[in-house]
Amino acid sequence: MNAVFETYKSRTIAFDTCLDINEWGVKIYTITNKDKFDSKYILMNVKKHLPVWLKQIENSTLPIYKQAFLIVHEAREGVWILLNWWTGGEMIETKVFFSSFDSSEIITDSPYNTNSLLCVWELEVFAHERASWIKHVLLNANTPDYLGYINDTRIKQL
């Protein structure tokens, strides 16, 4: 298969809010390929689903710290929703959802089944979250600063 590439163009990445849901700290970011993030209804719908999704994560056999970040990304094919949470000390687990522009009230699992695909714009958020986790949690392993982590939301964009 021949690779098809587009010339890289920066996308707007913005911090939306931090939510405290059942003792979970969740940072929410938006990304858009448009002039401004337009999928406010989908974002609102995602926030409504978060309590259920977070409760499901708590059934994990891996340790969890109730610290997560969510990316809602307007892309070419629709809106990708990536729920990411810290587990096992220094690992991130990711669950990917999708909502089409035509059916914004419906959120489904990723159409790519169990594979979690990340794009170059989402990786900017992951790079920030990695640095933040190291700074506030791993370098303070005996007394992790979860509040410092959850309040660290400034992304450096390329």
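It should be noted that the structure appears before, not after, this text.
Just so you know, these numbers come straight off a predicted model, no measurement behind them.

Core analysis: the biggest nonpolar cluster contains 21 residues, and V26, V46, L50, W53, L70, I81 and L83 have the highest contact counts within it. For this core, the secondary-structure elements that each account for two or more residues are β2 (24-32), α1 (40-57), β3 (64-74) and β4 (79-87). If one sorts the elements of this core by residue count, α1 sits on top with 7 residues. Look past the residues within four positions of L83 in its chain and what remains in contact with it is L50, W53, L54, I57, A68, F69, L70, E93, T94, K95 and F97. One finds L82, W86, W133 and Y149 within the second-largest nonpolar core, a separate group that totals 19 residues.

Before going further, it helps to examine the pattern of salt bridges. In the structure shown here, the tally under the stated rule is 8 salt bridges. Between K34 and E74 there is a salt bridge, with the nearest N and O atoms lying 3.8 Å from each other. Of this pair, K34 sits in the loop between β2 and α1 while E74 is found in strand β3, placing the two residues 40 residues apart along the sequence. Via salt bridges that share partners, E23, K55, E58 and K66 belong to a single interconnected network.

Cut-offs applied
Residues numbered from 1 in each chain as written. Predicted model: local features only at pLDDT ≥ 70, side-chain atom pairs only at ≥ 80, totals over all residues. Heavy atoms only, no water. Core = buried A, V, L, I, M, F, W, Y, C linked by side-chain atoms within 4.5 Å. Buried < 20%, exposed > 50% of the residue type's maximum accessible area, 1.4 Å probe, protein only. Helix = DSSP H or I, 4+ residues; strand = E, 2+ residues; numbered from the N terminus. Contact = heavy atoms within 4.5 Å. Salt bridge = Lys/Arg side-chain N within 4 Å of Asp/Glu carboxyl O.

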